[in-house]
Amino acid sequence: MKAIRVHRPGSPEVLQLEEIPIPSVKESEILIENKASGINGKDLLFRDGSYRTTFPYTPGIEGAGIVREKGRVVTNFEVGDRVAYCHTGTGSYAEFTAVSASRAIRLPESIDFSTGCACLVQGLAAHYLTHSTFAIGKNDKILVHAAAGGVGLLIVQLAKLKGAKVIGTVSTLEKAQIAHSVGIDHTILYSSEDFETETMKLTDGAGVDVVYDSVGAATFKKSLKILKSRGLLVAFGQSSGFIPPFDVNLLANSSSDRGSFFLTRPTTAHYLKGQEFTERLLDIFEYISQKKLSVFIGQKYSLNHSLEAHIALANRQTIGKSIIVF
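Residues numbered from 1 in each chain as written. Predicted model: local features only at pLDDT ≥ 70, side-chain atom pairs only at ≥ 80, totals over all residues. Heavy atoms only, no water.

A few words on the overall build of the chain. In terms of regular secondary structure, the chain is built from nine helices and 15 strands. The principal-axis extents of the C-alpha atoms in the chain amount to approximately 60 × 40 × 35 Å. Counting the 326 residues in the chain, one finds 52% classified as buried. Taking the contacts inside the chain whose residues are at least 6 apart along the sequence as the reference set, 68% of them involve residues at least 24 apart. Entry remark: accessible area of the chain is about 14,400 Å², with carbon and sulfur atoms responsible for 50%. Each charge sign in the chain was given a centre, from 35 positive and 32 negative side chains, and these centres are 3 Å apart. (Helix = DSSP H or I, 4+ residues; strand = E, 2+ residues; numbered from the N terminus. Buried < 20%, exposed > 50% of the residue type's maximum accessible area, 1.4 Å probe, protein only. Contact = heavy atoms within 4.5 Å. Areas by Shrake-Rupley, 256 points an atom, 1.4 Å probe, with all protein chains shown as cover. Lys, Arg positive; Asp, Glu negative; His and termini not counted. Charge placed at Lys NZ, Arg CZ, Asp CG, Glu CD.)

Below, the structure written as structure tokens:
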């Protein structure tokens, strides 16, 4: 089969298209013929060595396709089933992937492979961020950084379904239009506007209940400054770099009438315990089937254009979700 292989950490040029054997299936696994594979920021972190892995390896943590073989003890899937899978380690930048049956789910007939793939990693993140990390309620005010990104667009929609008022930061007018198309209340062009100043104007100086921050180092301090008293900063990513060590007294903000802030750095694994993996995805699939949730796929690539996909994602040139189609 054709697959992308990485033999050493480095820049996107280390992504190599190769012919390798189709993986064998362990007793608790299923073999999937991929129809779509997701491209995620985590893929870049494995590739450049920020996250540890064993070399050589095939990138990719999510995909969708058809079951072609199943392990001896697998009882919940049959050959020919349409499935989606994610958080399986690595391996989806390939024509076939063997994955643990516990990290796969049947794909409803109403959802195509591309959409099914595109709503997995980001869909799970958006779900736990809005339902569990901070259970958004009616009239809560929230700010979403990178509001036109894969997770951002889903957070916006789930927050609006819960009745929140949503502000989002974006880099271009095109991205602002995309965010408004899914119901965001206000957008801030961070390339020409100061999001701290604009957010405080939009909230009449009160601040927001929660900030969803996937940017990291570049936005951290100002994200704290726009919280209302006892507000929560959810630092769930670091596209601009990891947040450096900081003085915990920043959370007190004692020079202002707003303070006693909360900070959390959620990790997906802690929100997918027991039945949560299946239950959250079933929620997402139901929202999509009822047309309450739109999955915006901004970029589609062939397997041999994975390098270009990584460059675009790293340079923040993408809108919504990027996927590989087979």
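And the narrative resumes.
Another aspect to go through is the pattern of salt bridges. In the structure shown here, the tally under the stated rule is twelve salt bridges. Where Lys321 meets Glu62, a salt bridge forms, and the shortest distance between an N and an O atom there is 2.4 Å. Here Lys321 is found in strand S15 (residues 321–325), whereas its partner Glu62 is found in strand S4 (residues 62–70), with 259 residues between them in sequence. Since its relative accessible area comes to 3%, Lys321 is described here as buried. A single network of salt bridges, built from pairs that share partners, joins Glu33, Lys35 and Arg68. (Salt bridge = Lys/Arg side-chain N within 4 Å of Asp/Glu carboxyl O.)

So, about the packing of aromatic side chains. Summed over all chains, the structure comprises four aromatic pairs. Plain terms: the ring middles of Phe55 and Tyr57 are 5.5 Å apart, the flat faces sit at 70 degrees to each other, and that makes the pair edge-to-face. Given a relative accessible area of 4%, Tyr57 falls into the buried group. For Arg82, the ring lying beneath its charged end belongs to Phe113, and the centroid distance is 4.6 Å. Positioned above the aromatic ring of Phe277, the side-chain terminus of Arg103 is 4.7 Å from the ring centre. (Phe/Tyr/Trp six-rings, centres within 6.5 Å; stacked < 30°, edge-to-face > 60°. Lys NZ or Arg CZ within 6 Å of the ring centre and 35° of its normal.)

Helix-helix packing: each pair is described by the crossing angle between the helix axes and the interaxial distance. Where helix H3 (residues 121–133) contacts helix H4 (residues 150–161), the two axes come as close as 9 Å, and the packing angle between them is 45 degrees. Taken together, H3 and H4 sit at an angle that is classed as oblique. In terms of crossing hand, the pair formed by H3 and H4 is right-handed. Here Gln122, Gly123, Ala125, Ala126, His127, Leu129, Thr130 and His131 of H3 come into contact with H4, specifically with Gly150, Val151, Leu154, Ile155 and Leu158. Its residues assigned to classes, the contact of H3 with H4 shows seven nonpolar, six polar and no charged. (Axes fitted to C-alpha atoms, helices over the stretch in contact; angles between N-to-C directions. Parallel < 35°, antiparallel > 145°, perpendicular 65-115°, else oblique. Left-handed = near helix turned anticlockwise from the far one by under 90°. Nonpolar A, V, L, I, M, F, W, Y, C, P; charged D, E, K, R; others polar.)

The end-to-end C-alpha distance of H4 is 17 Å, a good match for the 16 Å that twelve residues give at a rise of 1.5 Å each. Burial of H4 is extensive: ten of the twelve residues sit out of reach of the surface. Buried within H4 are the following residues: Gly150, Val151, Gly152, Leu153, Leu154, Ile155, Val156, Gln157, Leu158 and Ala159. Gly163 sits one or two residues past H4 and shows a positive phi near 90 degrees. (Expected span 1.5 Å × (residues − 1).)

Further remarks concern the environment of Ser322. With respect to the helices and strands, the residue Ser322 is situated in strand S15. For the pair Ser322 and Tyr301, spaced 21 residues apart in sequence, the C-alpha to C-alpha distance is 7.7 Å. Ignoring anything within four residues of it in the chain, the contact list for Ser322 reads Gly38, Ile39, Gln299 and Tyr301.

From the geometry alone we can't say anything about function, so treat these as descriptive.
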